[in-house]
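# Tertiary structure, described
So you can see what is in the structure, the chains are spelled out below.
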Amino acid sequence: RRVGDGGDRHLRSLATQRWLWRSLEVAEVASSDGEIWRINDMPADSSVGELKVRLRREDVRFRTHRADLVLGSRVLDDNELLGASGATAMGARMGVIFSDLHAFVLVIGAGQAGRAAARMLSMEAEDALVVVVDP
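Read on for a plain summary of the structure. (Residues numbered from 1 in each chain as written. Predicted model: local features only at pLDDT ≥ 70, side-chain atom pairs only at ≥ 80, totals over all residues. Heavy atoms only, no water.)

Attention now moves to the side chain of E28. With respect to the secondary-structure elements, E28 resides in strand 1 (residues 24-30). On the basis of relative accessibility, which here comes to 15%, the residue E28 falls in the buried class. There is a polar contact of 2.5 Å between the side chain of E28 and the side chain of R38. (Helix = DSSP H or I, 4+ residues; strand = E, 2+ residues; numbered from the N terminus. Buried < 20%, exposed > 50% of the residue type's maximum accessible area, 1.4 Å probe, protein only. Polar contact = N/O pair within 3.5 Å; in protein donor to acceptor, adjacent residues only side chain to side chain.)

Structure, rendered in structure tokens:
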């Protein structure tokens, strides 16, 4: 083939596809109750914190609690890169530990007064998280 007849463009396209295939990984996270989240197309150069942001869309617990991701015996730092930590390696699965309930307001008691307070607070702070607990 002559240079410039489209063959070199095809080779560049294949190289780009191969690079994308290598750079986009799957991140798997499992909770102690057996739930597994599989985040596809997670770049290996993403941070653990960026993965947590994507997991917030998957489960409310990632928004309401502190979530620590664990790989093996190590708690991963939010600034750590997924690829460098080994979290996106074939067969790797991170664990998640939920702790410290985070809420804008915590209403204790789901009686009439508690529900009224939760409704009022929800209207005043529309994007805040209001949690009602009935002991």
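We now examine the nonpolar core. Burial of nonpolar side chains together is a common tendency in soluble globular proteins. The biggest cluster of nonpolar side chains holds 18 residues, and the ones touching the most others in it are V29, L51, L55, L69, L82, M94 and V96. When neighbours within four sequence positions are excluded, L55 is seen to be in contact with V29, W37, I39 and F62. (Core = buried A, V, L, I, M, F, W, Y, C linked by side-chain atoms within 4.5 Å. Contact = heavy atoms within 4.5 Å.)

To continue, consider the pairing of strand 3 (residues 65-71). Burial analysis of strand 3 places five of its seven residues in the buried class, which makes it a mostly covered element. With two bridges connecting them, strand 3 and strand 4 (residues 74-75) associate as antiparallel partners. Across the sheet, residue V70 finds its bridge partner in strand 4, namely V75. As consecutive antiparallel partners, strand 3 and strand 4 are separated by two residues, and within that stretch G72 has a phi angle of approximately 65°, a positive value. (Pairing = 2+ DSSP bridges.)

In this section: the pattern of salt bridges. The full count for this structure, using the stated rule, is eight salt bridges. Residues R66 and D68 are paired through a salt bridge, measuring 3.3 Å at the closest nitrogen-oxygen approach. What makes R66 partly exposed here is its relative accessible area of 42%. You can call D68 buried: its relative accessible area is 16%. The partner of R74 in a salt bridge is E80, and the shortest N-O contact between them spans 2.8 Å. Among the residues examined, R74 registers a relative accessible area of 37% and is labelled partly exposed. One salt-bridge network, in which partners are shared between bridges, spans D33, E35, D59 and R61. (Salt bridge = Lys/Arg side-chain N within 4 Å of Asp/Glu carboxyl O.)

Now for the packing of aromatic side chains. Tallied over the entire structure, the rule returns three aromatic pairs. For the pair W37 and F62, a centre-to-centre distance of 5.1 Å together with 80° between the ring planes defines the contact as edge-to-face. Taken as a pair, W37 in strand 2 (residues 36-43) and F62 in helix 3 (residues 61-64) lie far apart in primary sequence, 25 residues in all. Given a relative accessible area of 5%, W37 falls into the buried group. We classify F62 as buried; its relative accessible area is 5%. Pairing F62 with F98 gives two aromatic rings, centres 5.0 Å apart and planes at 70°, and the pair type is edge-to-face. Linking F62 in helix 3 with F98 in strand 5 (residues 94-101), this pair joins segments that are 36 residues apart in sequence. Judged by relative accessible area, F98 falls into the partly exposed class, the value being 22%. Three or more aromatic residues joined by ring pairs make a cluster, and in this case those are W37, F62 and F98. (Phe/Tyr/Trp six-rings, centres within 6.5 Å; stacked < 30°, edge-to-face > 60°.)

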